[in-house]
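Residue-level structure breakdown
Below, each chain spelled out in residue letters.
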Amino acid sequence: MCETNDEEGGGPEGDEGPVDEQAQFSALLEDSAEDLYEHAPCGYLSTQLDGRIAKINTTLLDWLGYQREDLVGRKHFSDLLTVGGRLYHETHFAPLLRMQGEINGIALELKAADGARLPVLVTSTVKTGSDGQPLLIRTTVFDARDRRAYETELLRARREADQERDRLQVLATTLQQTLLPPALVDVPGLDVAAHYHIASVDQVGGDFYDLFPLAAGTWGLFLGDVCGKGAAAAAITSLARYTLRAAAVYDPDPVAVLGNLNTVLNHEYNGDDPRFCTVVFGLLTPDPDRGGFHITLASGGHPPALLMRADGTADFLPTPGGQLIGVLRDAHIATTTVHLVPGDTLLLHTDGLTEAHTGPTAGGDDRYGDDALLDFGRALAPTTASSTISAVRDLLDTFGSGVEDDTALLAIHAPQPPSEEQQ
Amino acid sequence: MTKHLTLRTRTTTAGPVVEIAGDLDYDTADKVRAALPGLGLRPGQQLVLDLAGLSFCDSSGITVLIAARNHALAAGASIALAAVPDRVSRIFRIVGLAQVFPTHPTAAAAEAAWRPTGG
């Protein structure tokens, strides 16, 4: 446009064209205001204040299939509405129109002469006289069939998306279950309990644990946490779980087991998308002389286990220097040994517990933390495996949505022999 | 619940310094990962991650720090962390990464400690 103006010699902008050409053009546009009213691309309707139809254009009559004399002076606007629409008109549309003097873009359904329904968008204004008294109501009616079809399509798409999400949640839950043992094996003389807290039903978490028999009289257990969540984490969780079980069969030395897992993960994942996990692996051997179990724990960068003793004390079992598994070529694995005497309980956990948001709304900056967990253990000791798990589950419940990450819990407890319990 | 993560990159004679502020977690870690290729690390340079403004770091955050280390090592460069918050250094101790990342009290100290290796 600017270029054209320049070529025309920079004259004043606007109506420079020949006068007769303009007249022809406007004649073509609006030869008759009456024709525009009757055949406008929308319906026009004027009603008296009580809703009685005073004037209606041809467009709307055609849409509805009525003759003018069927409606004018005989019917009310609300007579053209469906039952639901009439109710809405009575309770919302008409009162609002009276109050505001206008109402815009209300979706209603009109009933045609043949009973068909016509979705429309209705806008009304109240025409007032010079003294401000309301005289009549002017209404425009837009055909909303396309829009309604679009909305129906949106609803259908949404229903499908909801169904997809339900299916995904079932899949995620199923996948999660395959990553956990269906039931923990029965170890003679050991009380065992476990819990898996799912933080999100949409995403598979990366926590795992297991307890399983090894060569005669020994048992292996592990609990770990793969970084991240979702399908990628689940794949590594699966790999970690089966690698740990297989490695423990060949060489149950906890350092060797975690070393093997480190090699496997380090080969699989590196570069800009490294994947690691932190794991505690334990080897349990019953101690026939002193009772209870001898346990060797190896840690690959995992939060320390919590020992709650029979005498009511509690402490973490740190394994300083142990490194996370999967990203360093020669990850250092640190070990510690403990004798689980009758009455002692050992809790392994993932950091979903200690990293949980606490506070009234669970949305604050405060995280539960290791110190709080240690205090919790001290208050709980002496305890049992099942009491520990149920106490921590209650604790997780108090955090509500503050638990952002999945949390795995595995507790083992050496019960007092029946004779001692009676003393 | 998650605080926004902001990254600010500047260049020093020792190499790029990336200031990471906010929560570094599952939802934000990719932002750091995506920024790595654009750093243009050259052999012998030192990549400094300045964590002074870091409010939270979870396992996904740790992952991306390791990704940054892998990225630096692959480019023949080195990596150092500056102003590691107590919470994060505690996590580093637990997962055994304290020995893997050289750390300095400030980004300036990290820069001062850098010695050109000649690539």
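What counts and what doesn't
Residues numbered from 1 in each chain as written. Chains lettered and ligands numbered in written order. Predicted model: local features only at pLDDT ≥ 70, side-chain atom pairs only at ≥ 80, totals over all residues. Heavy atoms only, no water. Helix = DSSP H or I, 4+ residues; strand = E, 2+ residues; numbered from the N terminus. Rg over C-alpha atoms; globule rule 2.2 N^0.38 Å. Buried < 20%, exposed > 50% of the residue type's maximum accessible area, 1.4 Å probe, protein only. Contact = heavy atoms within 4.5 Å. Areas by Shrake-Rupley, 256 points an atom, 1.4 Å probe, with all protein chains shown as cover. Pairing = 2+ DSSP bridges. Salt bridge = Lys/Arg side-chain N within 4 Å of Asp/Glu carboxyl O. Polar contact = N/O pair within 3.5 Å; in protein donor to acceptor, adjacent residues only side chain to side chain. Nonpolar A, V, L, I, M, F, W, Y, C, P; charged D, E, K, R; others polar. Expected span 1.5 Å × (residues − 1). Phe/Tyr/Trp six-rings, centres within 6.5 Å; stacked < 30°, edge-to-face > 60°. Lys NZ or Arg CZ within 6 Å of the ring centre and 35° of its normal. pLDDT = per-residue confidence, 0-100.

Helix and strand content of chain B: 4 helices and 6 strands. In sequence order, the secondary structure elements of chain B are arranged as β-β-α-β-β-α-β-α-β-α. A globule of 119 residues ought to have a C-alpha radius of gyration of about 14 Å, and chain B, at 13 Å, matches this closely. Projecting the C-alpha coordinates of chain B onto the three principal axes gives extents of approximately 45 × 25 × 20 Å. When burial is assessed residue by residue, chain B has 54% of its 119 residues classed as buried. Put simply, 69% of the contacts in chain B that link residues at least 6 apart link residues at least 24 apart. Element-wise, carbon and sulfur atoms account for 55% of the exposed surface of chain B, whose accessible area totals about 5,200 Å².

A separate point is the pairing of strand β8 (residues 219–226) of chain A. For a regular strand, side-chain orientation follows a simple rule: the groups alternate between the two sheet faces. All names here are of chain A. Counted residue by residue, β8 has 8 buried out of 8 residues, so it is predominantly covered. Alternating positions in β8 separate into two faces, Trp219, Leu221, Leu223 and Asp225 on one and Gly220, Phe222, Gly224 and Val226 on the other, with burial throughout. Two strands pair when backbone bridges link them, and strand β7 (residues 207–213) and β8 are joined in this way by 7 bridges, in the antiparallel orientation. Note on β8: the bridge partner recorded for Phe208 is Gly224.

This paragraph deals with the interface of chain A and chain B. Taken residue by residue, the interface counts 29 residues in chain A and 24 residues in chain B. Viewed at the interface, chain B and chain A are joined by 2 salt bridges. The partner of Glu355 of chain A in a salt bridge is Arg87 of chain B, with the nearest N and O atoms 3.2 Å apart. Joining chain A to chain B, the criterion identifies 5 residue pairs in polar contact (both at pLDDT 80 or more). Residues belonging to the side of chain A that touches chain B are distributed by class as follows: 8 nonpolar, 13 polar and 8 charged.

Quick look at the pattern of salt bridges now. All names here are of chain A. Under the defined criterion, the tally for this structure stands at 19 salt bridges over all chains. In this structure, Arg378 and Asp315 form a salt bridge, with 3.4 Å as the shortest nitrogen-oxygen distance. Of the two residues, Arg378 is situated in helix α10 (residues 370–380) and Asp315 in strand β12 (residues 314–317); the sequence distance between them amounts to 63 residues. Its relative accessible area of 40% is what places Arg378 among the partly exposed residues. Where salt bridges share partners, they join Glu153, Arg156 and Glu160 into one cluster.

A few words now on helix α6 (residues 83–100) of chain A. All names here are of chain A. Over its 18 residues, α6 runs 24 Å from end to end, which matches the ideal 26 Å to within 8%, given 1.5 Å per residue. When α6 is considered as a whole, its buried residues turn out to be Gly85, His89, Phe93, Ala94 and Leu97. Lining the buried residues of α6 we find β3 (102–111), β4 (117–128) and β5 (134–143). Positive phi shows up at Gly101, right after α6, with a value of about 80 degrees.

This next bit is on helix α8 (residues 231–250) of chain A. Residue and element names in this part refer to chain A. The end-to-end C-alpha distance of α8 is 29 Å, a good match for the 28 Å that 20 residues give at a rise of 1.5 Å each. All buried positions along α8 are accounted for by Ala233, Ala234, Ile236, Thr237, Ala240, Arg241, Thr243, Leu244, Ala247 and Ala248. Tucked inside the fold, the buried residues of α8 contact α7 (145–178), β7, β8, α9 (254–268) and β9 (277–286).

Before going further, it helps to spend a moment on the packing of aromatic side chains. Each aromatic ring pair is summarised here by two numbers: the centre-to-centre distance and the angle between the ring planes. Enumeration over the complete set of coordinates arrives at 7 aromatic pairs over all chains. With a centroid separation of 5.6 Å and 40 degrees between ring planes, the pair formed by Phe92 of chain B and Phe101 of chain B is classed as tilted. One exposure class covers both Phe92 of chain B and Phe101 of chain B, and it is buried. Connected via pairs of aromatic rings, a cluster forms that spans Phe208, Phe212, Phe222 and Phe281 of chain A. Seen from the ring of Tyr37 of chain A, Lys55 of chain A lies directly overhead, with NZ or CZ sitting 4.4 Å from the centre.

What follows is about the side chain of Thr319 of chain A. All names here are of chain A. Within the fold, Thr319 resides in the loop between β12 and β13 (334–340). A polar contact of 3.3 Å, which involves the side chain of Thr319, links it to the side chain of Ser299. Ignoring anything within four residues of it in the chain, the contact list for Thr319 reads Leu297, Ser299, Ala334, Thr335 and Thr336.

Let us look at the confidence of the model for chain A. When pLDDT is averaged across chain A, the result is 87; 91% of the residues are at 70 or more. Low pLDDT (under 50) marks residues 1–14 of chain A, which in the prediction has 2 contacts with non-local residues, meaning those over four places away or in another chain.

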